[in-house]
Amino acid sequence: MPACKKKVTNDRAMLGKILTLNAAVERVSELKREGKRVVFTNGCFDLIHPGHTRYLAEARKLGDVLLVAVNSNRSVRELKGPGRPVFPENERAEILAALACVDYVTIFDELTPGEIIARMLPQVLVKGGNWPADQIVGREEVETAGGKVVLIPVIAGYSTSSLVEAAAKASS
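Owing to the predicted nature of the structure, the values given are computational and were not obtained by experimental measurement.

### Regarding the overall build of the protein chain
Helix and strand counts for the protein chain come out as 8 helices and 6 strands. The linear arrangement of helices and strands in the protein chain, starting from the amino end, is α-β-α-β-α-β-α-α-β-α-β-α-β-α. In the protein chain, which comprises 172 residues, the share counted as buried stands at 43%. Taking the contacts inside the protein chain whose residues are at least 6 apart along the sequence as the reference set, 76% of them involve residues at least 24 apart. As presented, the protein chain carries roughly 8900 Å² of accessible surface, and 52% of it is formed by carbon and sulfur atoms.

As structure tokens, this is what we get:
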């Protein structure tokens, strides 16, 4: 499985890929009117590792545009616990925007992306294969609108939580 190239574009173009939530909703509407197939995924993306880049590269192949919604600092803390995130939300968004396979990045503050997905209604909703199909937030809305949900297998051996734990053990 090819990794998402870590090609860094110039700063202005890269930062132009990071949109406010409202701007992202509007951009998705525009792209859909243009006949583009929008792929949506989300996550904390706290420490970017090869599992993430390979996942994002596979997600990008499913459409014309890949939009990644990143959990805010507050939501990561609530989901992952104290000491997280390792990188603040703006830096996580910047790192994702630097990847050639990612077209747009937005940050959301809720614990789940349900509201965003309902507003955007992407044609493809992508999650890691470790998610039970009946627990995928936004699935019903996307499928009702004629879209599809795709599960991409998790790459064994890569986990942000495991990396954080290993780093903590190594420093103690």
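What follows continues from the structure just given.
### Digging into the nonpolar core
Residues Leu56, Leu66, Val68, Leu96, Val102, Val105 and Val126 are the most contacted members of the largest nonpolar core, which totals 19 residues. Counting residues per element, the ones that place at least two in this core are helix H3 (50-60), strand S3 (65-71), helix H5 (89-97), strand S5 (124-128) and strand S6 (148-152). In this view, Leu56 contacts Thr41, Phe45, Leu66, Val68, Leu96, Leu99, Cys101 and Val102; residues no more than four positions away in its chain are not counted. Core analysis: the next-biggest nonpolar cluster, separate from the first, contains 18 residues, Val25, Phe108, Met120 and Leu125 among them.

### Some remarks on the side chain of His49
As for its placement among the helices and strands, His49 is situated in the loop between strand S2 (38-43) and H3. In this structure the side chain of His49 is engaged in a polar contact, spanning 3.1 Å, whose partner is the backbone nitrogen of Gly51.

### Structural notes on the pattern of salt bridges
Per the counting criterion, the structure on display carries 9 salt bridges. Glu78 is the salt-bridge partner of Arg74, the closest N and O atoms lying 2.8 Å from each other. In this pair, Arg74 and Glu78 are both assigned in helix H4 (residues 73-80), 4 residues apart and thus about one turn of the helix distant. With relative accessibility at 35%, the residue Arg74 sits in the partly exposed group. Of the charged contacts, one joins Glu143 and Arg139 as a salt bridge, the two residues approaching to 3.1 Å between their closest N and O atoms. Separated by 4 residues within a single helix, Glu143 and Arg139 lie in helix H7 (residues 139-144), roughly one turn from each other. Classification of Glu143 as partly exposed rests on a relative accessible area of 37%. You can call Arg139 partly exposed: its relative accessible area is 27%. One continuous salt-bridge network, built from bridges that share partners, spans Arg27, Glu30 and Glu34.

### Concerning the side chain of Asn71
Counting through the fold element by element, Asn71 comes out in strand S3. With sequence-adjacent residues up to four places away left out, Asn71 is seen in contact with Gly43, Cys44, Val76, Leu79, Glu89, Arg92, Ile107, Phe108, Glu110 and Leu111.

### Describing the pairing of S3
Of all the 7 residues making up S3, 7 are buried; the element is thus mostly covered by neighbouring parts of the structure. Residues of S3 alternate between two faces, with Val65, Leu67, Ala69 and Asn71 on one and Leu66, Val68 and Val70 on the opposite face, all of them buried. For S2 and S3, the ladder comprises 6 bridges, and the chain directions are parallel. Note that in S3 the partner of Asn42 across the bridge is Ala69. Taken together, S2, H3 and S3 form a β-α-β motif whose crossover is right-handed. The pairing of S3 with strand S4 (residues 104-108) spans 5 bridges and is classified as parallel. If you follow Asn71 over to S4, its bridge partner there is Phe108.

### Brief notes about the sheet that holds strand S1 (residues 18-19)
Strand order in the open sheet made by the 6 strands is S1-S4-S3-S2-S5-S6, with parallel pairing throughout. Among the strands making up the open sheet, the edge pair consists of S1 and S6. Lying over the sheet, H3 contacts S2, S3, S5 and S6, oriented at roughly 140° with respect to S3.

What counts and how
- Residues numbered from 1 in each chain as written.
- Predicted model: local features only at pLDDT ≥ 70, side-chain atom pairs only at ≥ 80, totals over all residues.
- Heavy atoms only, no water.
- Helix = DSSP H or I, 4+ residues; strand = E, 2+ residues; numbered from the N terminus.
- Buried < 20%, exposed > 50% of the residue type's maximum accessible area, 1.4 Å probe, protein only.
- Contact = heavy atoms within 4.5 Å.
- Areas by Shrake-Rupley, 256 points an atom, 1.4 Å probe, with all protein chains shown as cover.
- Core = buried A, V, L, I, M, F, W, Y, C linked by side-chain atoms within 4.5 Å.
- Polar contact = N/O pair within 3.5 Å; in protein donor to acceptor, adjacent residues only side chain to side chain.
- Salt bridge = Lys/Arg side-chain N within 4 Å of Asp/Glu carboxyl O.
- Pairing = 2+ DSSP bridges.
- Right-handed = clockwise from strand over helix to strand, strands pointing away.
- Axes fitted to C-alpha atoms, helices over the stretch in contact; angles between N-to-C directions.

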